[in-house]
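Observations on the three-dimensional arrangement
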Amino acid sequence: MSVLEKVRPARTPAAAREPGVADEHGRRIRVWELALRYLLLLAVLALTVGPFLWQLSTSLKGPTEDIFSSPPTFLPGDPTLHNYQRVADTIPVWDYAFNSLKVAAANVVTNCVGSALAGYALARLRYRGRRVATLVFILAMLVPVEGIIIAQFTTMRELGLNNTLIGVVLPGCIGAMNVLLMRNAFLNLPHEIEEAAYVDGANAWQRFLRIALPSVKGTLAVVAIFAFMFSWDDFLWPLIVLSDPSKFTLTIGLNYLHGTFANDERLVAAGTVIAVLPLIALFACLQRYFFRGVGEGAVKG
């Protein structure tokens, strides 16, 4: 190295001299662009999480606090859990929650198993009419629920499943969207892996259970979350099928809080929080698999 090279300072690239930070690809982001992104994220966060936080705050406020004050007070002055106890005293909320849990768990199991089997058959197996079967699942997503709900109710009544939790579970046990999600996940898997297993003598069930299914855990988590949310939040179908109050799900049971105590917003807010907590717990348990679904089908060495 010459003396001139030792004395001359190293040139800094123009991108490095510009103010800002770099993204995951090494591109520079200006300060105002970064601030705009954070402002948009905060706005979306306020619109999505804000109503739930307000319901949570309302459920913790005591009877002496004015929840309609102007300007509104977000934090409760004297937090209390008495509203949750009042919900349990007003309706058998834990019995309703247990009924909803049974329906949701059954829907999760049936959707995960049925959608995985159907998706693998549509993506990997070779048979006549496979494209027609895929088209049928796509068309099933276009049919509104209100257009077939009378036919579903008539079918449940003819099968003797009216006013039973099985009648609530059966129409949604396998969703068309979940089948297509699993089909796309299996299509992204490399064919070479299954071809090598086929050469080694593995049959279709062995290839499905040992190779394909472990590679799509992220999509299975997505299907499980969607199935749980759909069955847990469903109100119209259980309202039509069930007539025995002892078999009501949580969404129907909480409706009594609106009808009988319409002016007590604290009681309604406490019931809403009770209904939302299982969904938050499920997503917290499956979020690592949920976000892994983006990389489905990657070959790990």
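It should be emphasised that the depicted structure is a prediction, and the values quoted were computed from it without experimental measurement. All residue numbers here refer to positions counted from 1 along the written sequence of the relevant chain. Two thresholds apply to this predicted model, a pLDDT of at least 70 for residue-level local features and 80 or more for giving and counting side-chain atom pairs, whereas whole-chain, interface and lining totals are computed over all residues. Each side-chain value is worked out from all heavy atoms of the structure, with water and hydrogens disregarded.

The next point concerns the overall build of the chain. Each helix and strand counted, the chain has 15 helices and two strands in total. Each residue gets one of three labels from its accessible area relative to the maximum for its type: buried under 20%, exposed over 50%, partly exposed in between, using a 1.4 Å probe on protein chains only. Taken over 301 residues, the chain has a buried fraction of 32%. Working rule for contacts: check all heavy atoms of both residues, and any pair within 4.5 Å makes them a contact. Sequence-distant contacts in the chain: of pairs separated by 6 or more residues, those separated by 24 or more amount to 70%. When the accessible area of the chain is evaluated, it comes to approximately 18900 Å², of which 66% is carbon and sulfur surface. Per the convention used, a helix needs a DSSP run of H or I reaching at least four residues, while a strand needs a run of E reaching at least two, with both numbered from the N terminus. Shrake-Rupley sampling with a 1.4 Å probe provides the accessible areas, and residues are treated as covered by the protein chains on show and by no other component.

Let us now look at the packing of aromatic side chains. Geometry of aromatic contacts follows a simple scheme: Phe, Tyr and Trp rings, the Trp one being its six-membered ring, pair when their centres are within 6.5 Å, and the pair is stacked under 30 degrees between planes, edge-to-face over 60, tilted otherwise. A complete count under the given rule lists seven aromatic pairs for this structure. An angle of 50° between the planes, with centres 6.2 Å apart, marks the rings of Phe 186 and Phe 208 as tilted. A residue pair is termed long-range when its members are at least 10 positions apart, and Phe 186 in helix H9 (residues 176–187) and Phe 208 in helix H11 (residues 204–212) qualify at 22 residues. Pair check on accessibility: Phe 186 and Phe 208 agree, each one buried.

Relative to the elements of secondary structure, Val 169 occurs in helix H8 (residues 165–169). The class of Val 169 is buried, set by a relative accessible area of 12%. The residues touching Val 169, leaving out its near neighbours within four places in the chain, are Val 103, Ala 106 and Asn 107.

Let's shift gears to the side chain of Ser 57. When you line up the elements, Ser 57 lands in helix H3 (residues 31–59). Looking at Ser 57, the relative accessible area reads 5%, which means it is buried. Residue contacts for Ser 57: discarding those within four places in its chain leaves Phe 74, Leu 75 and Pro 76.

Any Lys or Arg side-chain nitrogen located within 4 Å of an Asp or Glu carboxyl oxygen qualifies as a salt bridge. Summed over all chains, the structure comprises two salt bridges. Glu 194 is the partner of Arg 124 in a salt bridge, and the nearest nitrogen-oxygen pair spans 2.9 Å. Linking Arg 124 in the loop between helix H5 (93–123) and helix H6 (130–142) with Glu 194 in helix H10 (residues 191–199), this pair joins segments that are 70 residues apart in sequence. Across the salt bridge formed by Glu 194 and Arg 207, the nearest N and O atoms sit 3.5 Å from each other. With Glu 194 in helix H10 and Arg 207 in helix H11, the pair connects residues that are 13 residues apart, well separated along the chain.

This next bit is on the nonpolar core. With 47 residues, the main nonpolar core has Val 87, Phe 186 and Leu 250 as its most contacted residues. With ten residues, H5 is the largest single contributor of residues to this core. Take the buried residues of types Ala, Val, Leu, Ile, Met, Phe, Trp, Tyr and Cys, join any two whose side-chain atoms come within 4.5 Å, and each joined set is a nonpolar core.

By secondary structure assignment, the location of Ser 231 is in helix H12 (residues 217–233). Of the residues examined, Ser 231 reaches a relative accessible area of 9% and is grouped as buried. Once the C-alpha coordinates of Ser 231 and Val 169 are considered, the two residues, 62 residues apart in sequence, prove to be 7.9 Å apart. Aside from chain neighbours lying at most four places away, what touches Ser 231 is Val 103, Ala 104 and Asn 107. Polar contact is the term for a pair of N or O atoms within 3.5 Å; when the atoms are in protein, one must be able to donate a hydrogen and the other to accept it, and sequence-neighboring residues count only if both atoms are side-chain atoms. Within polar-contact distance, the side chain of Ser 231 engages the backbone oxygen of Ala 227 at 2.9 Å.

Phi is positive for Asn 163, close to 65°, though the residue is something other than glycine. The residue Asn 163 is located in the loop between helix H7 (145–158) and H8 in this model.

Here we take up the packing of H5 against H9. What counts as an axis is a line fitted to C-alpha atoms, over the stretch in contact for a helix, and the angles between N-to-C directions run from 0 to 180 degrees. Between H5 and H9, the shortest axis-to-axis distance is 7 Å and the interhelical angle comes to 50°. By the angle between their axes, H5 is oblique relative to H9. Handedness of the crossing formed by H5 with H9: right-handed. Touching Asn 111, Ser 115, Ala 116, Ala 118, Gly 119, Tyr 120, Leu 122 and Ala 123 of H5 are Asn 178, Val 179, Met 182, Arg 183, Phe 186 and Leu 187, all from H9. Of the residues contributing to the contact of H5 with H9, the split by class is nine nonpolar, four polar and one charged. Working definition: roughly parallel below 35 degrees, roughly antiparallel above 145 degrees, roughly perpendicular at 65 to 115 degrees, and oblique for all remaining angles. It is the rotation of the near helix from the far one that decides the hand of a crossing: anticlockwise by less than a right angle makes it left-handed, clockwise makes it right-handed. Gly is placed with the polar residues, together with every amino acid not listed as nonpolar (Ala, Val, Leu, Ile, Met, Phe, Trp, Tyr, Cys and Pro) or charged (Asp, Glu, Lys and Arg).

Confidence of the prediction at every residue is given by pLDDT, a number between 0 and 100. On average, residues of the chain carry a pLDDT of 82, and 86% of them reach 70 or more. Here residues 12–17 is modelled with pLDDT under 50, and outside its nearest four sequence neighbours on either side it reaches three contacts, counting other chains as well. Taken together, the stretch residues 297–301 has pLDDT below 50 and engages in six contacts with residues farther than four places along the chain or on a different chain.

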